[in-house]
Amino acid sequence: MGSDESFAYRRANQFESFLLDSKDPEQELQRIRQEEKARQITLKEFFQEYMERHGPHLSNKTKEHYRFRFKMISKCQEILDSPLANITKRMVLDYMNRRISKDGVSNATANREASFLKSVLMRAVEYDDLKFNPLSRLRLLPEASKREVNLSREQAKELLEALPANVDQIVEFALVTGIRKENILGLTIAQLKLFDDDPDRLGPVGEVELLAKQNKRLRLPLSQQAVDVLRRAIGDDRTDGYVFLNPKSGDRYYDIFDTFSKAVEKVGLKVNGGRFVFHDLRHAFATHLHAQGVGLDLIRQLLGHENLSTTDQYTTYDISRTAQALENLPKLR
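So, on to the environment of Ser152. Turning to its location among the elements, Ser152 is positioned in the loop between helix H7 (107-126) and helix H8 (153-162). Take Ser152: its relative accessible area is 29%, and that puts it in the partly exposed class. Distance in space between the C-alpha atoms of Ser152 and Ala284 is 8.7 Å, their sequence separation being 132 residues.

What holds strands together in a sheet is hydrogen bonding between their backbones, with the strands either parallel or antiparallel. Pairing is antiparallel across the open sheet formed by three strands, whose spatial order is E1-E2-E3. Since the sheet does not close on itself, it has two edges, and those belong to strand E1 (192-194) and strand E3 (217-222), each with one partner. Taken over all neighbouring pairs, the strand axes of this sheet differ in orientation by 15° on average, direction set aside. Sheet topology note: the E1/strand E2 (residues 206-211) ladder contains three bridges and is antiparallel. Counterpart to Leu194 in the pairing with E2 is Gly206. Docked against the sheet, helix H11 (residues 224-234) engages E1, E2 and E3, running at close to 110° with respect to E1.

Bringing the packing of helix H13 (residues 280-291) against helix H14 (residues 296-303) into the picture now. Viewed as axis vectors pointing N to C, H13 and H14 meet at an angle of 150°, and their least axial separation amounts to 10 Å. Relative to H14, the element H13 lies roughly antiparallel. Crossing of H13 over H14 shows right-handed handedness. For the pair formed by H13 and H14, the contact residues are Arg282, Phe285, Ala286, Leu289 and His290 on the first element and Leu296, Ile299, Leu302 and Leu303 on the second.

Inspection of every chain in the model, using the stated rule, returns nine salt bridges. Arg232 is paired through a salt bridge with Glu172; the nearest N and O atoms lie 2.8 Å apart. Placement of Arg232 in helix H11 and of Glu172 in helix H9 (residues 167-177) is noted, with a sequence separation of 60 residues between them. A salt bridge links Glu209 to Arg217; the shortest N-O distance between them is 3.6 Å. Residue Glu209 is classed as partly exposed on the basis of its relative accessible area of 37%. Residue Arg217 is classed as exposed on the basis of its relative accessible area, which comes to 57%.

Criteria and cut-off values
- Residues numbered from 1 in each chain as written.
- Predicted model: local features only at pLDDT ≥ 70, side-chain atom pairs only at ≥ 80, totals over all residues.
- Heavy atoms only, no water.
- Helix = DSSP H or I, 4+ residues; strand = E, 2+ residues; numbered from the N terminus.
- Buried < 20%, exposed > 50% of the residue type's maximum accessible area, 1.4 Å probe, protein only.
- Pairing = 2+ DSSP bridges.
- Axes fitted to C-alpha atoms, helices over the stretch in contact; angles between N-to-C directions.
- Contact = heavy atoms within 4.5 Å.
- Parallel < 35°, antiparallel > 145°, perpendicular 65-115°, else oblique.
- Left-handed = near helix turned anticlockwise from the far one by under 90°.
- Salt bridge = Lys/Arg side-chain N within 4 Å of Asp/Glu carboxyl O.

What follows is the structure, encoded as structure tokens:
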């Protein structure tokens, strides 16, 4: 405590109070220091730390994209100069509405910028600069229309053939599982349970445990196709570490934006007249299952959604296939 006796007594009383509440004094002190830091460091100051620590894992195009979004958010001085802990959902919603009314951007653009800000604050939690994300459960604005993802089997095969080795395994795994990109890139062997060596086992041939949005843990079944991809990626020798390794670095992939975009452009994939992105593979997964008669509630569980309305945004209906269902109505004459 040093030579200050009165400070030592105050700290002793503080520790006694923590212990009476069954709390760890050291952890509580760390929490207090963390809260004090969060009350001081502003978004403008933290973004520099964010790019220094997270930036090296991103492609140049992604970094440029992030800086542009931050530049837009910087127009709101209230958010820019606020300590991280003082940023509120109301502030962000007001910013989104101003972007729409004054700058004429779409709801989708405003949502993307708010989601980016939310992800930046999530990194602040990860770096111990913030106790919790104040934008957790931020309700985004309704968007004009859902993405109509119609990826045929032939197009999927063309896409895989246009991708370099190893990256094609990541995309194939996304197509047969519907798992989000960040979960796939950060997937470790420890998260997997593979049962395909047991011919007598009933149920799935594999399982994977994921940390989904809002820190929710999901345990999902894996199909034989998914397990086959994993077996190719892991090989016979590796028993730990990341599943999908970058052969250049020997480490996990942190970003495949440029590689994926080039392959998409080569194949000529489009969604709603715009760019086909990695997240559309998740839409394709849902649409393929629904086309085979799998119900929305089951697809909801496989995607890790909380409600069916979200799942419905991921499924694209084939009107000709839907029309066939009308033939099941009873004949009245």
